[in-house]
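# Coordinate analysis (summary)
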Amino acid sequence: MKNSAMVMTIQDPASQRLTWYKPPLTVLVIKKVRDASVLSPFVQLVKWLMQEKRMVVFVEAAVMEETHLDQYPEFSSIKDKLMTFRDGKDDLTDKIDFIICLGGDGTLLYASHLFQQSVPPVMAFHLGSLGFLTPFQFNNFQEQVNNVLEGNAALTLRSRLRCIVMKNKETQNSANKKAPTNLLVLNEVVVDRGPSPYLSNIDLFLDGKHITSVQGDGLIVSTPTGSTAYAVAAGASMIHPSVPAIMVTPICPHSLSFRPIVVPAGVELKISVSPDSRNTSWVSFDGRNRQELLHGDSLRVTTSIYPVPSICAQDQITDWFDSLAECLHWNVRKRQKHLEELTDLTHSSSNDTLDSLETPEEKES
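Residues numbered from 1 in each chain as written. Predicted model: local features only at pLDDT ≥ 70, side-chain atom pairs only at ≥ 80, totals over all residues. Heavy atoms only, no water.

The next subject is the environment of V189. Structurally, V189 can be placed in strand β9 (residues 188-192). Along the sequence, V189 and L219 sit 30 residues apart, while their C-alpha atoms lie 8.5 Å from each other. The contacts of V189, once residues within four sequence positions are left out, are C163, L219, I220, V221, V283, S284, F285, L299 and V301. (Helix = DSSP H or I, 4+ residues; strand = E, 2+ residues; numbered from the N terminus. Contact = heavy atoms within 4.5 Å.)

By the burial criterion, the buried members of helix α5 (residues 141-149) are F141, Q144, V145, V148 and L149. All buried residues of α5 fall inside an arc of 135 degrees around its axis, so they share one side. Elements in contact with the buried residues of α5: α1 (39-51), β4 (98-103), β5 (122-126) and β19 (308-311). Looking at the residues trailing α5, positive phi occurs at G151, about 85 degrees. (Buried < 20%, exposed > 50% of the residue type's maximum accessible area, 1.4 Å probe, protein only. Arc of directions from axis to C-beta.)

Inspection of every chain in the model, using the stated rule, returns eight aromatic pairs. Ring geometry for W20 and F98: centres 5.8 Å apart, planes at 85 degrees, overall edge-to-face. Within this pair, whereas W20 is found in the segment before β1 (26-31), its partner F98 is found in strand β4, the two being separated by 78 residues in sequence. Measuring from centroid to centroid gives 5.6 Å for W48 and F141, while their planes differ by 85 degrees, and the two rings are edge-to-face. A residue pair is termed long-range when its members are at least 10 positions apart, and W48 in helix α1 and F141 in helix α5 qualify at 93 residues. (Phe/Tyr/Trp six-rings, centres within 6.5 Å; stacked < 30°, edge-to-face > 60°.)

We now examine the sheet that holds strand β11 (residues 209-216). Read across the open sheet, the six strands follow the order β8-β7-β18-β15-β10-β11; overall the sheet is antiparallel. Looking at the sheet topology across the chains shown, the edges are occupied by β8 (182-185) and β11. In this sheet, neighbouring strand axes are inclined to one another by 25 degrees on average, regardless of whether the strands run parallel or antiparallel. Pairing of strand β10 (residues 200-206) with strand β15 (residues 269-273) involves five bridges; the strand directions are antiparallel. Across the sheet, the residue bridging to I202 is V273, located in β15. (Pairing = 2+ DSSP bridges. Axes fitted to C-alpha atoms, helices over the stretch in contact; angles between N-to-C directions.)

Along the chain, T26 falls in strand β1. Owing to a relative accessible area of 14%, T26 belongs among the buried residues under this scheme. Among the polar contacts listed, one links the side chain of T26 to the backbone oxygen of K95, at a separation of 2.8 Å. Apart from the residues within four sequence positions on either side, T26 is in contact with M55, V56, F58, K95, I96, D97 and F98. (Polar contact = N/O pair within 3.5 Å; in protein donor to acceptor, adjacent residues only side chain to side chain.)

A word on the nonpolar core. In this structure, V29, F42, L49, F98 and I100 are the most contacted members of the largest nonpolar core, which totals 36 residues. Of all the elements in the fold, those that place two or more residues in this core are β1, α1, β2 (56-60), β4, β5 and α5. With eight residues, the top contributor of residues to this core is α1. If we skip the residues at most four places from it in the chain, F42 touches V29, K31, V59, V63, L69, F75 and L102. One finds V248, L293, L299 and V301 within the second-largest nonpolar core, a separate group that totals 25 residues. (Core = buried A, V, L, I, M, F, W, Y, C linked by side-chain atoms within 4.5 Å.)

Our focus in this paragraph is the sheet that holds strand β13 (residues 245-251). Strand order in the open sheet made by the six strands is β14-β13-β12-β9-β16-β17, with antiparallel pairing throughout. On the outer flanks of this sheet lie β14 (261-264) and β17 (288-293), each paired with one strand and no other. When the angles between neighbouring strand axes are averaged without regard to direction, this sheet yields 20 degrees. Here β9 pairs with strand β16 (residues 281-285) via four bridges, running antiparallel. Across the sheet, V190 pairs through a bridge with S284, a residue of β16.

As a further point, take the pairing of β4. With six of six residues buried, β4 lies mostly within the body of the structure. When β1 meets β4, the two strands line up parallel, connected through five bridges. Within the sheet, the bridge partner assigned to V27 lies in β4 and is F98. Across five bridges, β4 lies against β5 in parallel orientation. Each residue of the ladder has a partner; that of I100, found in β5, is M123.

Within β10, six of the seven residues are buried, which leaves the element mostly enclosed by the surrounding structure. Bridge count for β10 against β11 is seven bridges, and the pairing is antiparallel. By the bridge assignment for β11, D203 is matched with S213. Where β10 folds back on β11, the antiparallel hairpin that results is connected by two residues, among which D207 adopts a positive phi of roughly 50 degrees.

In structure tokens:
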């Protein structure tokens with residue numbers, strides 16, 4: 001008899017589709033800051049969402065303070081109807097049904113930062129420089145947004161990492177005692193040597209077992225989404241975002257054999273400064289909240305139960321490989337000529353070749 005416990009069920013990424021249980025009424029529009037080229041698309045989108053789709057639109061309060069928006073007369077008629085929020089002060093939990101990003105990959109990272117638990121579906125338009133995570137083009141935004149609002153879209157569930165910094169109680173000053181850092185990251189958490197001239201000496205544990213000590217510039221712990229960011233620049237492989245995994249990549253390790261590794265998504269990683277390390281380390285979370293890791297401190301990393309549901313322009317596979325080709329020029333090479341294109345060379349004789357090299361004087365003699 002077959003043992004059902006030994007049968008693995010593998011989910012097809014294509015089965016992840018956007019389903020609205022109720023029509024979305026509120027939308028958060030995130031735009032790239034300090035970029036004048038995004039202002040016109042921003043005004044067009046917000047005006048259309050409010051007047052044509054009758055949606056409540058949220059924007060960051062700092063957007064309203066951009067002086068260049070005064071150049072758009074149509075914006076003055078709608079700006080008083082916009083809902084605003086301030087990062088770190090206002091809680092958007094359960095207030096937003098849908099997110100639209102205008103800009104580069106940083107806008108999607110910012111959306112992840114704003115929602116530290118459940119994240120609404122995110123539709124990202126490519127108006128930045130790289131655009132690996134922003135598959136939509138803005139030229140026909142009305143048709144594309146309508147398709148999404150009608151539920152005609154595929155989803156990529158981008159896993160995030162739960163990162164908790166545990167401070168050493170013995171060395172922590174009671175006057176400066178505060179709650180431990182507890183953040184979700186979409187790309188990566190990076191532990192490095194900071195301004196110190198010495199090598200980082202970092203201990204890495206997996207589910208409580210010591211795996212190795214990292215001697216080098218540092219360590220990158222990334223999601224599959226983050227594998228195409230800092231990690232790939234440090235020599236890691238690129239992992240499709242639907243793969244349940246955590247990637248561990250050393251930064252300039254002082255060892256020829258230290259290669260990046262991939263571990264199961266369900267494990268817990270613990271990173272700490274080695275007791276005999278000459279210096280401390282520094283940690284940053286998706287490039288934010290940089291802080292020092294002292295001797296006795298530790299960083300705990302697990303896969304979060306709250307992914308970022310990223311809406312696909314086409315589907316999970318096509319979007320990813322299109323981004324590899326267009327943004328990273330993956331496997332771009334001039335094609336080798338077919339044999340038929342070389343017929344002139346293959347049919348030429350050795351005598352013909354020698355004759356072609358003779359000078360006119362040599363032929364006359």
